[in-house]
Amino acid sequence: MAVNRSVIRGVGAYVPKRVMTNADMAKIVDTTDDWIVERTGIHSRHIAEEGEKTSDLGIAACRQALVRSGIDPLDIDLVICATATPDRTFPATATRIQAGLGINRGAAFDVQAVCSGFVYALTVADSLLRTGQFRRALVVGAETFSRILDWSDRGTCVLFGDGAGAVVLEAQPTHGTREDRGILFSRIRSDGRFEDLLYVDGGPGSTKTTGHLRMNGREVFRHAVQKISGVIEETLVATGYAADEIDLFVPHQANKRILDGIARKLNVGPEKIVVTLGKHGNTSAASIPLALNQAFEERRLKEGSLVLMEAMGGGFTWGAVLARW
Ligand code: ACO
């Protein structure tokens, strides 16, 4: 049966120019390059300049994705931005990105699911495109996590970085089989009981401040491997694919040890997993599209590639999207 699917037409990314290495970190907090690399796999991260906002990063990523897709910005009728670090409490960063790109039709809004934000935003965009209400969407993950870090807490400030990545989706008629191009399956989940393990200790409705990120890293780690493996298995069962039929795993980049743990559980070789956290750190909602962009530039993503994206973040939220490039 013919169905509309959301086909990925282009990908783009942008990271701030300023690079902060682990050696730079060691000048600020009591840490070492060895500790950070061994526990996380992170070597450096990009940090936004004073005045460089989440929307600025998002606009740059969208511009590259649009050029690569060959689609005119004026043909975009949906902009969804996944971010936990909006420029302002309101309006949505997505409407600022929309305006920055000169788009004044359709709709734009933010999705807040922290590190799972891109998976959530793709799922929402896909649902809206498949109804026929919208035709072409920009889905962007953009973050300036450096603004919500406690730069005196070595347990968290070494882990995160700033950046943005975006994809252009277009609704296209397909045969309705799992061999189609486009988003084939997605699953999003949340469980608010775990808020205290990963949160920001401020907000306009509670403290009237922005607040700082707080995390019980060990507990988050334990849940991450379990929850991500679970949602990947659900995706494989629902679509009938085996793990070894996936061409590329594009995971949220939180910790190399989490990625290795999941790879072991699924029995997937390292050559199939895109890892960018060495140079980006954890960029929350931006990490999956940044990794997609790297895979595209390295020609590891080709038309027809079967790609599995997955993430877990504050909330907890988690989810996975299976797509054919
Ligand atoms: N440098 C040196 N030592 C450090 C540092 C540091 N940067 N940070 C912590 N330590 C010390 C601790 O103080 C502790 O010392 P102690 O034993 O004397 O008390 C020791 O290292 C061990 O600390 P742990 O927190 O137990 O270290 P662990 O091995 O668990 O690694 C880490 C910490 C890297 C944070 C890990 O737990 C992790 O990656 N967790 C998951 C994070 C994650 O997945 N986040 C994703 C979601 S993010 C989002 O949604 C926004």
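Structure first, text after, so check above.
Caption draft 1: Spotlight on the overall build of the chain. Helix and strand counts for the chain stand at 10 helices and 13 strands. A globule of 325 residues ought to have a C-alpha radius of gyration of about 20 Å, and the chain, at 18 Å, matches this closely. Across its three principal axes, the chain shows a C-alpha extent of roughly 60 × 45 × 40 Å. By element, 50% of the accessible surface of the chain is carried by carbon and sulfur atoms, the whole surface being about 13600 Å². Side-chain charges of the chain comprise 38 positive and 38 negative groups, with the mean position of each set lying 1 Å from the other.

Caption draft 2: Local environment of the site of the ligand. Neighbouring the ligand are 26 residues, the closest being T31, R39, C115, R218 and N255. Here an oxygen atom of the ligand and a side-chain polar atom of R39 are 2.6 Å apart. Note that a nitrogen atom of the ligand is positioned 2.9 Å from one of the backbone N or O atoms of G217. Contact with the protein chains hides 75% of the accessible area of the ligand, taken as 1000 Å² for the molecule alone.

Caption draft 3: Spatial organisation of empty space enclosed by the protein. One pass over the full model with this rule turns up 1 cavity of 30 Å³ or more. Taken as a whole, the largest cavity encloses approximately 70 Å³ of empty space. Considering the residues around the largest cavity, the lining is formed by F249, P251, L259, I262, A263, L266, V268, I273 and E310. Class assignment for the residues of the lining of the largest cavity results in 8 nonpolar, no polar and 1 charged.

Caption draft 4: Geometry of the pairing of strand β4 (residues 78-82). Counting buried positions along β4 yields 5 of 5 residues, so the element is predominantly enclosed. Of the two faces of β4, both are covered, the one formed by L78, I80 and A82 as well as the one formed by V79 and C81. With 5 bridges connecting them, β4 and strand β5 (residues 107-111) associate as parallel partners. Within β5, the residue paired with A82 across the bridge is V111. Handedness of the β-α-β unit built from β4, helix α4 (residues 93-100) and β5 comes out right-handed.

Caption draft 5: The arrangement of unusual backbone geometry in detail. For the peptide bond that leads from F90 to P91, omega is 5 degrees, which places it in the cis range. Put simply, G315 and F316 share a cis peptide bond, and its omega is -5 degrees. Looking at where F316 falls in the secondary structure, it is placed in the loop between β12 (306-313) and β13 (317-324). Phi angles above zero are rare outside glycine, and N267 is one such case at about 60 degrees. Relative to the assigned elements, N267 resides in the loop between α8 (256-266) and α9 (277-280). At R299, a position not held by glycine, the phi torsion is positive, near 60 degrees. The residue R299 is located in the loop between α10 (287-297) and β12 in this model. For R299, a relative accessible area of 66% gives the class exposed.

Calculation rules
- Residues numbered from 1 in each chain as written.
- Predicted model: local features only at pLDDT ≥ 70, side-chain atom pairs only at ≥ 80, totals over all residues.
- Heavy atoms only, no water.
- Helix = DSSP H or I, 4+ residues; strand = E, 2+ residues; numbered from the N terminus.
- Rg over C-alpha atoms; globule rule 2.2 N^0.38 Å.
- Areas by Shrake-Rupley, 256 points an atom, 1.4 Å probe, with all protein chains shown as cover.
- Lys, Arg positive; Asp, Glu negative; His and termini not counted.
- Charge placed at Lys NZ, Arg CZ, Asp CG, Glu CD.
- Near = heavy atom within 4 Å.
- Polar contact = N/O pair within 3.5 Å; in protein donor to acceptor, adjacent residues only side chain to side chain.
- 1 Å grid on protein atoms, 1.4 Å probe; cavity = no way out; pocket = protein on both sides within 12 Å on 5 of 7 lines; lining within 4 Å.
- Points joined across faces, edges and corners; volume = space filled by probe spheres on them.
- Nonpolar A, V, L, I, M, F, W, Y, C, P; charged D, E, K, R; others polar.
- Buried < 20%, exposed > 50% of the residue type's maximum accessible area, 1.4 Å probe, protein only.
- Pairing = 2+ DSSP bridges.
- Right-handed = clockwise from strand over helix to strand, strands pointing away.

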